[in-house]
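# Residue-level structural notes
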Amino acid sequence: MSSPSPQDGAPNPIAALEQGIETALRAGELEDAATRCEKLLAEDPEHFDASYLLAILHARQGRFEEALRYNDRALTLKPGFAPGYLQRGLLMNRLDLPQQALGAFEEARRLQPEDAAAHRELGKTLRKLGRLDDALDCLDRLVQLAPAGAENHFLRATVLLEMKRYEEALESCDLSLRFGRRDAPLLNNRANALRRLARYEEALVDCDEALTLAPYMAEAHYNRATTLHALKRYDEALQSCVRALEIEPDSVDFLATRGAIENDLERHEQAITTFREVLDRDPRHLRAWNGCAAALIAAEHYDLALPCLDRALDIAPCDATAHQRRGHALMHLDLHEEAISAYEAALDHGAEPWGVLASLIWLRRYTCSWDGLAEKQAALCDAVRSGEAVASPFTMLAVADEPKLHLTCARNYVQSVVPQDRPAVFPARARRPGPLRLGYVSGDFHRHATAALIATLFERHDRERFEVHGFSIGPEKDDPVRRRLVDAFDGFHVMNNLSDRDAAGLMRERGIDIAIDLKGHTHNSRPGILAYRPAPIQIQYLGFPGTLGCDFIDYAIVDHIVVPTGQERFYTEALVRLPDCYQINDALRPLSEEAPTRAACGLPEDAFVFCCFNNNYKITPEIFDIWMELLASVPGSILWLLGDNDLVESNLRREAELRGVASHRLIFAPRAPQAEHLARQRCADLFLDTLPYNAHTTASDALWVGLPVLTCCGHAFAGRVAASILVTHGLDELVTTSLPAYAATARALAQDRGRLQALRQRIDNMRSLSPIFDIDRFQAHLEDAYLEMWRRWELGEPATSFSVRARP
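Each value, and the rule that gives it
- Residues numbered from 1 in each chain as written.
- Predicted model: local features only at pLDDT ≥ 70, side-chain atom pairs only at ≥ 80, totals over all residues.
- Heavy atoms only, no water.
- Helix = DSSP H or I, 4+ residues; strand = E, 2+ residues; numbered from the N terminus.
- Rg over C-alpha atoms; globule rule 2.2 N^0.38 Å.
- Buried < 20%, exposed > 50% of the residue type's maximum accessible area, 1.4 Å probe, protein only.
- Contact = heavy atoms within 4.5 Å.
- Pairing = 2+ DSSP bridges.
- Patch = residues over 30% accessible without salt bridge, like charges linked within 9 Å, V, L, I, M, F, W, Y side chains within 5 Å.
- Areas by Shrake-Rupley, 256 points an atom, 1.4 Å probe, with all protein chains shown as cover.
- Salt bridge = Lys/Arg side-chain N within 4 Å of Asp/Glu carboxyl O.
- Lys, Arg positive; Asp, Glu negative; His and termini not counted.
- Charge placed at Lys NZ, Arg CZ, Asp CG, Glu CD.
- Axes fitted to C-alpha atoms, helices over the stretch in contact; angles between N-to-C directions.
- Parallel < 35°, antiparallel > 145°, perpendicular 65-115°, else oblique.
- Left-handed = near helix turned anticlockwise from the far one by under 90°.
- Nonpolar A, V, L, I, M, F, W, Y, C, P; charged D, E, K, R; others polar.
- Core = buried A, V, L, I, M, F, W, Y, C linked by side-chain atoms within 4.5 Å.
- Expected span 1.5 Å × (residues − 1).

## Regarding the overall build of the chain
- Across its full length, the chain holds 36 helices and 14 strands.
- Computed over its C-alpha atoms, the radius of gyration of the chain comes to 37 Å, more than 25% above the 28 Å expected for a compact globule of 808 residues.
- Seen along its three principal axes, the alpha-carbon backbone of the chain occupies a region of about 145 × 65 × 45 Å.
- Expressed as a percentage of its 808 residues, the buried residues of the chain come to 56%.
- When contacts within the chain are restricted to residue pairs at least 6 apart in sequence, long-range pairs at least 24 apart make up 63% of them.

## Focus on the side chain of Arg-156
- Take Arg-156: it is sitting in helix H9 (residues 150–162).
- Filtering out sequence-adjacent residues up to four positions away, Arg-156 remains in contact with Leu-136, Leu-139, Asp-140, Val-143, Glu-168 and Ser-172.

## A word on the sheet that holds strand S9 (residues 637–642)
- Read across the sheet, six strands follow the order S10-S9-S8-S11-S12-S13 without closing on themselves; strand pairing throughout is parallel. Pairing within the sheet leaves two strands with one partner each, and these edge strands are strand S10 (666–669) and strand S13 (735–736).
- Sheet topology places S9 next to S10; four bridges connect them, and they run parallel. Paired with Trp-640 across the strands is Ile-667, a residue of S10.

## Overview of unusual backbone geometry
- Of note, the bond from Leu-691 into Pro-692 is cis; its omega dihedral lies within 30 degrees of zero at 15 degrees.
- Take Pro-692: it is sitting in the loop between strand S11 (686–688) and helix H32 (697–704).
- Of note in this structure, Asp-96 is not a glycine but carries a positive phi near 55 degrees.
- Structurally, the position occupied by Asp-96 is in the loop between helix H5 (82–94) and helix H6 (98–111).
- Looking at Asp-96, the relative accessible area reads 54%, which means it is exposed.
- At Lys-232, a residue that is not glycine, the phi angle is positive and equals roughly 65 degrees.
- Position of Lys-232 relative to the elements: it lies in the loop between helix H13 (218–230) and helix H14 (234–247).

## Some thoughts on a negative patch on the surface
- Where like charges cluster on the molecular surface, the negative patch consists of Glu-219, Glu-248, Asp-250 and Asp-253.
- Here Asp-250 lies in the loop between H14 and helix H15 (252–264).
- Exposure remark for Asp-250: the relative accessible area of 69% places this residue in the exposed category.

## Re the packing of helix H17 (residues 286–298) against helix H18 (residues 302–315)
- Where H17 contacts H18, the two axes come as close as 8 Å, and the packing angle between them is 165 degrees. The orientation of H17 with respect to H18, classified from their angle, is roughly antiparallel. For the crossing formed where H17 meets H18, the hand is left-handed. In this structure, H17 uses Leu-286, Trp-289, Asn-290, Cys-292, Ala-293, Leu-296 and Ile-297 to contact H18, whose residues at the interface are Tyr-302, Leu-304, Ala-305, Cys-308, Leu-309, Arg-311, Ala-312 and Ile-315.
- Of the residues in the contact of H17 with H18, the class split is 13 nonpolar, one polar and one charged.

## What to know about the nonpolar core
- Grouped together as the largest cluster of nonpolar side chains are 129 residues, with contacts concentrated most on Tyr-440, Trp-627 and Trp-640.
- Of all hydrophobic cores here, the second largest spans 71 residues; its members include Ala-305, Leu-309, Ile-512 and Leu-530.

## Concerning H6
- Look at H6: 20 Å from first C-alpha to last across 14 residues, which is about the 20 Å you get at 1.5 Å a residue.
- Listed as buried for H6 are Pro-98, Ala-101, Leu-102, Ala-104, Phe-105 and Ala-108.
- In this fold, the buried residues of H6 make contact with H5 and helix H7 (116–128).

The values are spatial; any link to function lies outside them.
Dropping the structure here:
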């Protein structure tokens, strides 16, 4: 401090006060120093140093308004004092006045352009105001001025993270580390960047180190939770999220993430409760509305999901996720036209294209809305081949007749939905004595095509050699089929509310030796359960006609026609070929001796009736072209189809007219109970199959009532099932290998009623002799397959393909 010179040797009170201030400061007596500064200002109101020092002293003691008053007084005395403007900006930020702070920092930078502190504080304030581009410009200049400043690189990384420039953020984090900073906030930032770059294992290492340095850092626990969630390690993710909430219980973002993890753990009702708690606290929390809708959809409460999605779209009309989920809910509510519009809106608003496109393709096929379908399907296939897209393998079966593409699609899908580094939580165990324990896993243990085919097997399994358990992952429906199945099993276990890990644990506790997945990649499948290896041997059968593309399924049950020799390379499973058709059939299905009249079915009495009762999504424009050509060439003929939805009827009638065929020649049958549906098929003359996805259960149903089925055999499993059924039934002449041959054979049969009647008689006569309907023969072959797999496992042999020898 400087003071005026004493006159005539008189004592200088200003100098004395200055000396006293310095002494108090050296002694750390800040209150005393402040008091002396105030006395000095009383003596000399324009004393700059005293004003500025009082500003600093008040700031240190948290008295920011007083500090600001003295700082402004100092700046009045010395307007060009850059540190004063820097101090003023800091005080404004302390008083939560960032806009005023911004002006102070800009003035400090103008006065001292090379001052790193001014650039640093200006950059921090611009970030606080959401002006990220300006903040980054400021911090870029900062690291030029002070390139070795670890804090500077840390601040730059923080802004880059918020700008979603994750590669650059990681580079700045690494520079901060190089220049000596290694604390929890930096490591948490680095983990965040790594997670956003899908480098999850590296991110987890940084999260763990951050928590070692700062065990109570809620953001690090939360970052760890989101990283584990991305790794699909849901149980651990939930633990970390709960820990974050213990530290910061008021965080709605933490709570919303907990709900998302609970949903992925199949704890849908719990997730719904969690999301509703978020919305009670913050009614405009977009992620919570979307998450609640996702949980409601997963729990099949589709009607309740729609209001949640409407609220989400009120908040963010362009939110692609909400449009996509709205499409899912509407589709399941059979509001197909609205669902198509919702999916298209999701694409328009930037949704991840391939998942939405796959859903849109499926829905357009289901409703036979074919405009632009070929181009969409070609784009999806190309993206799957290149590894760019993850699509439903089930959708791909209906889109392409390519076994190699089906394998690629299944592998991509499994890698996206199943944790690849799942822990080996179920070590090898000694088997307890007694029959082998079979565990059938399905979501279709109710009135469903799969249950209709296989129910008798569960009842007839040899109980001296096998103990049979059912593990249900589907809805708990109370119908006669469900009750029959529950009675058929030695143990029936409901797992739809268990996580994958807990469900696998239940199977392990029940001592299952051979697990049989009856779902594959169909609706509501749970591949993550068998990914935990609950059984020594794991098989996929019946539900999905193709490879599952994973390393935790040992065998697939097939036959020599659905997977011919040479196609083994398209399967990740070892193939077990049964001697007859791989498809089991229920020999107890109803068989009415009498058919309803054609009039009762809405059919002309004297028409030749082509029919196809396959699901509508299996119909392609190419197949429909052939059917329309048949109607045109066979006078008086009609085509009888399954009328599964209103759009199908209007769309196919329009497509018929476009091909020159009167729309009234298409007749649609509503869905009906099995006995009624089987009986009415006797009114048809010839069943026309589809490609690339054949008739499966529908083919054996038709043969059961004596209706000839004409198929075209494709290249992939899904397109070869009807051929397998027909050949096993002794009807090789009804299997064609090209679409022109298919069309010609259909036309020839329609024009030769005598040949067709003889064919029907043969089919009727074969019913009691055909291996297709010999459940005892099929059971013996399948059980022989199970026993051979077990024999090889006990010898320590790896799963390899083999064929089951035919029983006499």
